[in-house]
Each structure stands twice: as C-alpha cells, then as structure tokens.
Amino acid sequence: MFEREVSDVIKFSIDKKQKEHNEEGQPWYDTKEGILNSLKSFPDLVQMIEERHTAGYCRNERLNQFYVLGRYWLDSCGNCCKAQGFIPKEQFADIPDVLTKDEFWDFIKKHQEDKELMISFVLQSDMPLPNITCPVCGKGWDIQNCHDTVVWHKTDAISLTDFVGKTLGQVKQHYNQLTNAIYRMQSDILIRNDRFIDLSPKYPKPEHDWQKRIVKNQNGWVSEKDGITDDYVIQKGDEGFFNIWAYYHGVCNREHLEKTEEQEFRKIFEKAGFQDIRMSAILNQYCGCDHCAPWFNVNTEFGTITIGWRKRVINIDWSKVEEASQACGEFPKPNIISLFADEDVTKGQAYIHAWGWEKAQDYLSRIHSHLAS
Ligand SMILES: [Zn+2]
Ligand SMILES: [Zn+2]
Ligand SMILES: [Zn+2]
Ligand SMILES: [Zn+2]
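Residues numbered from 1 in each chain as written. Chains lettered and ligands numbered in written order. Predicted model: local features only at pLDDT ≥ 70, side-chain atom pairs only at ≥ 80, totals over all residues. Heavy atoms only, no water.

Taken together, the protein donors to the zinc ion (ligand 2) comprise Cys134 (SG), Cys137 (SG), His249 (ND1) and Cys252 (SG), at separations of 2.1 to 2.4 Å. Note that the zinc ion (ligand 2) binds four donor atoms; their angles at the metal cover 98 to 119 degrees, and the shape is tetrahedral. (Donors = N, O, S within 2.8 Å, 3.2 Å for Na, K, Ca; no water. Tetrahedral: all angles 85-135°; square planar, octahedral: opposite > 155°, others 65-115°.)

Here's what the structure looks like:
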C-alpha cells in the first residue's frame, strides 16, 4: 500500500503538559462541531485558523488539537501546521475531515498496517487568503485545493508617489485589497525618504570606537518609533517597506519558473552569438525544491549545452558538444576548457561555474567564437 516508509521528523510545538481533550465551554473554533462548520467555505476555514491564531498568540488560550482535511494539524498554541512528505489525505482518501488528536493517531495506527508511519508537519500552513489569486492563471483557491500552493516571500521598497497627500492608513488599506499577493507593512520599518537621512553622529560623545561610526539615520528609514502612525501624510519621494507573499498553484509555479528562466537563458545564448537555439527543460540537477528553476538542454548549431543554476553559480556543461564532434569524426577541436585557463572558478574537463548572468554570457561568447572559428 505504501510506496515508501516515511521517516521524517515530527516537529512538536512546545507543549510540555499534555492537556486532555475537553470541549466543554470552549469557543466555536475549539470544538469539533465548530471546526466542521468552518469547512463549509474557504473564507470560513481561513477565519477559523485566524481565530485560533489570535486565541493562542494574543490571549494565550490553551487549545484542543485537531487534524483537518488530512493535511493540517491545529496545535494547542494556535498554529496551523501543514503535513509535509507523507500526506495522510493522499494515502487515505477516506480520512475524516476533522479528527481530534487521539482520533487522528488511532486512524493512522489502524491504517499503517505493519509499517510505522511518521508524519511530519511544518510550522506554517502556506494557506492563501480568500481574495488572493495566482499570478499565472488568475484563479484563487478553495477548500479542495488550498494546500496546493507555492509561496514566494520578498521584501520591497515601493514608491508611494501615487499616494502623496493621503495617509499611511489609506496606503495600507489599498495594499490590503490587492489580490496578486499579500502585502504587509511592519511597524519597525515603514517609510523611507532622502529627507530623513541624518548623517550627524548618533553618539556625540562616543565611549567606544564602534559608536564613532554610527550616524543618526543613514538610509532614511523611519518607523513607529519615530512617530510615524497611520495618520502620517505621504510626502513626495516617500517609499513604503512591504513584506510581500505571492501564491502560485504548484503547476503554475513550475510553468512560471520554466518560462522566465528559459527567457533569461535564451537571451544570454543569443547575446553570445548562438543562432539556432532550441531549449528543453530538464530536471534541476542540483536542487528539486519548488523555488528552483529547471535546467535546460540548449540545442545550438554547434551541439547541445546543458545549463542551469546551482546555488549562486550557473553551471555550463559542454560535454555533449565534445562527444558529438568526436562522434562525427571531425578533427577534435582543442579543448574548450583551455579557453578558461585564467578563470579561478570551479571547473572540470567539460564544465565551468559562472558567477552570475554576465559571466555566463561571457563564457558562452568565448565558447561560441571558438566553435565558430
Ligand atoms: Zn494573526
Ligand atoms: Zn495558478
Ligand atoms: Zn532549491
Ligand atoms: Zn526553496
């Protein structure tokens, strides 16, 4: 029944005194019935999770534990954790939508046959908000597929030119309504403007050497500490600091990664002088995670070059070019690797690591001129 034994680590929330399951007098978000009711719609589910979060984090309520949709663990501290690796729902389609802790583990024990299952959860749900849509297909999520997300988080300084004369509160309101990602400001870094830069010493009477180097405001960022509230009126030149979470469906994420990466690689091959370029995506030979783009076999007029990111370098592999030219019985070209004698980077007989797009383009140019000569 199982394709493999699951032996990942269980990450517990810190919960020293195990509490008996007890729903008496508990609010709706902490009873089986209330949680079942929340599964009627995706917005209700999200609200239930947020209620538990607030209860656990802001009011320190100790909650009952539930396992929901065969994928999520609602722990006693208000977290919603997501099963990773072994997903009960995908192995046991008949798993009930809401189980208490004991019921869940009884269910697993009954179904695991003679193998001992370990189920691991990560301490985040990766669940989008109900109004969020996927940048690729424009569709949102519902109860059936809310687990199918790949989340990209970044921080960004966004120009607030369009909001000059409006309040910071209005800016936040605007960004809260956007659907292509979740945008959140944070109180300890809010607004940047050159006019806030103050290079005078922060410690006019320094007692330590390091204090001599500290200025009052080097980059022009201000926060709540500096008196910036929601009533602050946006000025010309202001930028806002945002945390941005974009959500993609798994398939859309792959498609997006492949398309954008293919364009970038095509560009450097073209700039390097190659003309007949056909690209096919292959598995990333270094990392298979959701955030890493595929690698590519790039067919050119001189044979196939394999290329792809490997951490912070681009791996360029021309072994197929050399194999092909030898197979054709052509005079073997002098080793391509000899073109890179001066490059102090990781390299082998038929590959080299380029530190970034520019270097990769440079190496490809050299390979192209060499093969074309
Ligand atoms: Zn919260
Ligand atoms: Zn999508
Ligand atoms: Zn990766
Ligand atoms: Zn990743």
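Next up on the list: the sheet that holds strand β5 (residues 120–122). What the five strands build is an open sheet, ordered β4-β1-β2-β3-β5; its pairing is antiparallel. Each edge of the open sheet is held by one strand with a lone partner, namely β4 (98–100) and β5. When strand polarity is set aside, the average angle formed by the axes of neighbouring strands in this sheet is 30 degrees. Note that strand β3 (residues 80–84) and β5 share three bridges and pair antiparallel. Counted as the bridge partner of Ala83 is Phe121 from β5. Set on the sheet, helix α4 (residues 101–111) makes contact with β1 (66–68), β4 and β5; between it and β4 the angle comes to about 100 degrees. (Pairing = 2+ DSSP bridges. Helix = DSSP H or I, 4+ residues; strand = E, 2+ residues; numbered from the N terminus. Axes fitted to C-alpha atoms, helices over the stretch in contact; angles between N-to-C directions. Contact = heavy atoms within 4.5 Å.)

Caution applies to low-pLDDT regions: their predicted coordinates should not be interpreted in detail. On average, residues of the chain carry a pLDDT of 91, and 94% of them reach 70 or more. Low confidence marks residues 1–12, where pLDDT is under 50. Its contacts with residues over four positions away, or in another chain, come to 30 contacts. (pLDDT = per-residue confidence, 0-100.)

The next thing to look at is the sheet that holds strand β14 (residues 295–300). Overall, antiparallel pairing links the five strands, which are arranged β13-β14-β15-β16-β17 in an open sheet. Each edge of the sheet is formed by a strand with only one pairing partner; in this case those strands are β13 (278–282) and β17 (351–354). Direction aside, the axes of adjacent strands within the sheet are offset by 20 degrees on average. The pairing of β14 with strand β15 (residues 303–310) spans five bridges and is classified as antiparallel.

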